[in-house]
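Listed below are the residues making up each chain.
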Amino acid sequence: MHIEVDSHTHTLASGHAYSTLAENITAAAGRGIKLLAITDHGPAMPGGPHIWFFMNMKVLPRIMNGVGVLRGIEANIMNRKGELDIQFDEQSRMDLVLGSLHEPTFAPRNKTIHTDTVVNTMASGRIDVFAHGGNPAFPIDADEVAKAAVEYRVLIEINNSSFTTSRPGSEANCKALAEAVAIHGGKLTLGSDAHIASRVGMFDQCIRLVQSIDFPEKQILSRNGRDFLNFLISKNKSADLSELSTLFNG
Ligand SMILES: [Zn+2]
Ligand SMILES: [Zn+2]
């Protein structure tokens, strides 16, 4: 299975990642990635960039080394209301907003509160992707989250790093979440969550997981760059994404 979109990557700007944007682009091109989302941690994460880092992403060329660049953020979900560490007018400049629960910015509570928090975040209309939802530090009701993801048009991420370097014990939760997405007719996206260029575009563990449950390939949106871009365009992003469309013409 070839995956054309990496919807979750970090650069030096995150404070605990080790490659530049240019290095990530080169690695993505080498792996046949057509759309690369730059999704550094939101400002509330210790060591994360100032909000100006995100506001200035307009200086990035839309296409670099043949790879389409999505101006993204891995925003922190801050509270049960589903508020993020980026303001609404600020995120209007972004192409892609991931929402994540991280221990430094959201103290783990219980399954009911986590589920409520994720559903409220989705309902706010402010995220495109719910990232690494299989994290055992934040148990959730997979069925409720998958249903909300369909209702509010949010992609559920399967995160390659959850099976390698981060969030040990994610496997069973990720399976349950993917199974719920399959049942409710939602869509997955695969993210490398690379914190170094050599891991950009690596989805070996994600693919192993989805194949182990016979997850329907047509419900993996990130397989196809054009479909992924059309999904973003359909969400009425104010940023002009038309130049990226040229990657898929002809
Ligand atoms: Zn994260
Ligand atoms: Zn991340």
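Cut-offs applied
- Chains are numbered independently. Their residues run from 1 in the order of the written sequence.
- Going through the entries in the order they are written, you letter the chains from A and number the ligands from 1.
- Per-residue local features are limited, in this predicted model, to residues with pLDDT of at least 70; the limit for side-chain atom pairs, both in listing and counting, is 80 or more; totals at the level of whole chains, interfaces and linings are taken over all residues.
- Calculation of side-chain values draws on the structure's entire complement of heavy atoms; hydrogens and water are dropped beforehand.
- Between N-to-C directions, angles cover 0 to 180 degrees, with each direction set by a line fitted to C-alpha atoms, over the stretch in contact for helices.
- Helix numbers and strand numbers start at the N terminus; a helix is a DSSP run of H or I with at least 4 residues, a strand a run of E with at least 2.
- Should an angle fall under 35 degrees it is called roughly parallel, over 145 degrees roughly antiparallel, and 65 to 115 degrees roughly perpendicular, with every other angle called oblique.
- Crossing handedness is read from the near helix: turned anticlockwise from the far helix by less than a right angle, it gives a left-handed crossing, and turned clockwise, a right-handed one.
- Any two residues whose heavy atoms approach within 4.5 Å are treated as being in contact.
- Here the term charged refers only to Asp, Glu, Lys and Arg, the term nonpolar to Ala, Val, Leu, Ile, Met, Phe, Trp, Tyr, Cys and Pro, and the term polar to all other amino acids, Gly among them.
- Here a salt bridge means any side-chain nitrogen of Lys or Arg lying within 4 Å of a carboxyl oxygen belonging to Asp or Glu.
- Exposed residues in this analysis have more than 50% of their type's maximum accessible area, buried residues have under 20%, and partly exposed residues fall in between, with area computed by a 1.4 Å probe over protein chains only.
- Metal coordination here is assigned from N, O and S atoms located within 2.8 Å of the ion, or within 3.2 Å for Na, K and Ca; omission of water means that sites may look incomplete.
- Geometry is assigned from donor-metal-donor angles: four donors are tetrahedral when every angle falls between 85 and 135 degrees, four are square planar and six octahedral when opposite donors sit over 155 degrees apart with all other angles between 65 and 115, and any other arrangement is irregular.

- The chain is annotated in an unreviewed UniProt entry as Putative phosphatase YcdX from Pontiella sulfatireligans.

1. Section: the packing of helix H6 (residues 171-184) against helix H7 (residues 204-212)
Then step 1. Where H6 contacts H7, the two axes come as close as 10 Å, and the packing angle between them is 55 degrees. Here H6 lies oblique to H7, going by the angle between them. Viewed along their axes, H6 and H7 form a crossing whose handedness is right-handed. Every residue of H7 that contacts H6 at Glu 171, Cys 174, Lys 175 and Ala 178 is listed here: Arg 208, Leu 209 and Ser 212.
Then step 2. Across the contact of H6 with H7, the residue classes tally to three nonpolar, one polar and three charged.

2. Some details on the pattern of salt bridges
Then step 1. Counted by the stated rule, this structure contains nine salt bridges.
Then step 2. A salt bridge links Lys 34 to Glu 4; the shortest N-O distance between them is 3.3 Å. One end of the pair, Lys 34, is in the loop between helix H1 (21-30) and strand S2 (35-41); the other, Glu 4, is in the segment before strand S1 (5-6), and 30 residues separate them in sequence.
Then step 3. Take Lys 34: its relative accessible area is 35%, and that puts it in the partly exposed class.
Then step 4. Judged by its relative accessible area of 15%, Glu 4 falls in the buried class.

3. Some remarks on the coordination of the zinc ion (ligand 2)
Then step 1. Looking at the zinc ion (ligand 2), one finds its protein donor set to be His 8 (NE2), His 10 (NE2), Glu 74 (OE) and Asp 193 (OD), positioned 2.0 to 2.3 Å from the metal centre.
Then step 2. Geometry at the zinc ion (ligand 2) is irregular, judged from its four donor atoms and the angles of 79 to 168 degrees they form at the metal.
Then step 3. One chain supplies every donor to the zinc ion (ligand 2), and in sequence these donors are spaced H-x1-H-x63-E-x118-D.
Then step 4. A spacing of 3.5 Å is found between the zinc ion (ligand 2) and the zinc ion (ligand 1), which share Glu 74 as a donor. In this pair, His 8 is assigned in the loop between S1 and H1 and Glu 74 in strand S4 (residues 67-76), connecting sequence segments 66 residues apart.
Then step 5. The class of Glu 74 is buried, set by a relative accessible area of 0%.

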